[in-house]
Amino acid sequence: MSPLRAVVFDLDDTLTDHRSLQLEVEEEIVRLVGGQVPEHEAQAFGRRHLANLDGFYARWMRGELDEPGYHRARLTDALEPWCVPDDALVARYVELKRRTTTEVRRARGAAGAVAAVRAAGLRVGVLTNGMTDLQRGKLRRIGLAGAVDVFATSQDVGAVKPEAEAFAAVAGRLGVAPHEAAMIGDNPVNDIAGALGAGWAAAVLVAVDPPPADLPARAAVVASVAEAPQALGLAG
Ligand SMILES: [Mg+2]
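What counts, and where the lines are drawn
Residues numbered from 1 in each chain as written. Predicted model: local features only at pLDDT ≥ 70, side-chain atom pairs only at ≥ 80, totals over all residues. Heavy atoms only, no water. Helix = DSSP H or I, 4+ residues; strand = E, 2+ residues; numbered from the N terminus. Rg over C-alpha atoms; globule rule 2.2 N^0.38 Å. Buried < 20%, exposed > 50% of the residue type's maximum accessible area, 1.4 Å probe, protein only. Contact = heavy atoms within 4.5 Å. Areas by Shrake-Rupley, 256 points an atom, 1.4 Å probe, with all protein chains shown as cover. Lys, Arg positive; Asp, Glu negative; His and termini not counted. Charge placed at Lys NZ, Arg CZ, Asp CG, Glu CD. Donors = N, O, S within 2.8 Å, 3.2 Å for Na, K, Ca; no water. Salt bridge = Lys/Arg side-chain N within 4 Å of Asp/Glu carboxyl O. Domains from an automatic or database assignment. Buried area = accessible area lost by both parts, 1.4 Å probe. Pairing = 2+ DSSP bridges. Axes fitted to C-alpha atoms, helices over the stretch in contact; angles between N-to-C directions.

Here the focus is the overall build of the protein. Regarding its fold elements, the protein presents 11 helices and six strands. In terms of overall size, the protein behaves like a compact globule, its C-alpha atoms giving a radius of gyration of 19 Å where 236 residues would be expected to give roughly 18 Å. With the principal axes as the frame, the protein shows a C-alpha extent of 60 × 35 × 30 Å. Going through the 236 residues of the protein one by one, you find that 47% of them count as buried. Across the protein, every contact between residues at least 6 apart in sequence was considered, and the portion connecting residues at least 24 apart equals 63%. Accessible surface, the protein as shown: approximately 11100 Å² in total, 51% of it carbon and sulfur. The average position of the 25 basic charges and that of the 31 acidic charges among the side chains of the protein differ by 5 Å.

In structure tokens:
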């Protein structure tokens, strides 16, 4: 019998398929901005725009930027070799970017994976880095809000994955000890190293890309969230 009492899912690109939507939006942004930079530079802009995501997102999460400021700062930084974006371009850019928060796609197999954890008699949590209202809205729109016992964001726990405090907070809310919890997520650092570092029993990486070589030895790797419960010995 499994000693696990709870399984916690990451949200973005674990229960949701954010990546395919984000790629579509990135292509639209490159087309939009292509009119502002020399045509052969559009791909260079696209690379700069992707590369600056994590840094500016972290500044938004730390409260150094508000949402409009985050969008303007990213676009301005990505366009820096060529021009300063005017208000009209920023407005059209923000409109495109908001598709990534207003449109949500459920990852293939997500509902089945959550159901499998529940069917095994375990508690289900979600732990996501992000703003509470935004992230809760995504969970509702993929139809899984009612299937989750505890929903926790970095905003409401006051700690950001991979910090151990974030994992301790969600385990506490689930009423389980760290060694009774397992994490399922797509980020090797935030989800996998974070959970194992916090003393959790197991972690399953949902890897679209080949997993990194320095993945902790105790981590399991699956190609789809649908396979994650089985990797924890819960199904099949
Ligand atoms: Mg994720």
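The structure having been displayed, the exposition proceeds.
Listed as protein donors to the magnesium ion are D10 (OD), D12 (O) and D186 (OD); their distances from the metal cover 2.1 to 2.2 Å. Donor residues for the magnesium ion, ordered by position in the chain, follow D-x1-D-x173-D. Pair noted here: D12 is in the loop between strand 1 (6–9) and helix 1 (18–34) and D186 is in the loop between strand 4 (181–185) and helix 10 (188–197), with a separation of 174 residues, a long-range link. Judged by its relative accessible area of 26%, D186 falls in the partly exposed class.

Attention now goes to the pattern of salt bridges. Oppositely charged side chains can form a pair if their charged atoms are brought close together. By the definition in use, this model includes 17 salt bridges. Notably, a salt bridge pairs R99 with E28, separated by 2.6 Å at the nearest N-O pair. Residue R99 is located in helix 5 (residues 87–102), and its partner E28 is located in helix 1; the two are separated by 71 residues in the primary sequence. By relative accessible area, R99 is classed as buried at 18%. On the basis of relative accessibility, which here comes to 23%, the residue E28 falls in the partly exposed class.

Here we come to the domain arrangement of the protein. Looking at the assigned domains, one finds that the protein contains domain 1 (6–16 + 105–231) and domain 2 (19–102). On a C-alpha basis, the centroid separation for the pair domain 1 and domain 2 is 28 Å. The interface is formed by nine residues belonging to domain 1 together with 10 residues belonging to domain 2. Three residues stand out in domain 1 for area buried against domain 2, namely R105, M131 and L134, and they jointly supply 48% of the buried area on that side. Applying the counting criterion to the domain 1 and domain 2 interface returns two salt bridges. In this structure, D209 engages R19 in a salt bridge whose closest nitrogen and oxygen atoms are separated by 3.1 Å.

Moving on, we come to the side chain of T128. When you line up the elements, T128 lands in strand 2 (residues 123–128). Given the relative accessible area of 1%, T128 is considered buried. Leave out the neighbours within four places in its chain, and T128 touches D10, L11, D12, Q135, F151, A152, T153, S154 and K161.

Taken together, six strands build an open sheet; the order of strands is 3-2-1-4-5-6 and the sheet is parallel. The outermost strands of the open sheet, each flanked by one partner alone, are strand 3 (150–153) and strand 6 (219–222). The mean angle between the axes of side-by-side strands here comes to 20°, regardless of whether they run parallel or antiparallel. Where strand 5 (residues 202–206) and strand 6 come together, four bridges link them in parallel fashion. Along strand 6, the bridge assignment pairs V206 with V222.

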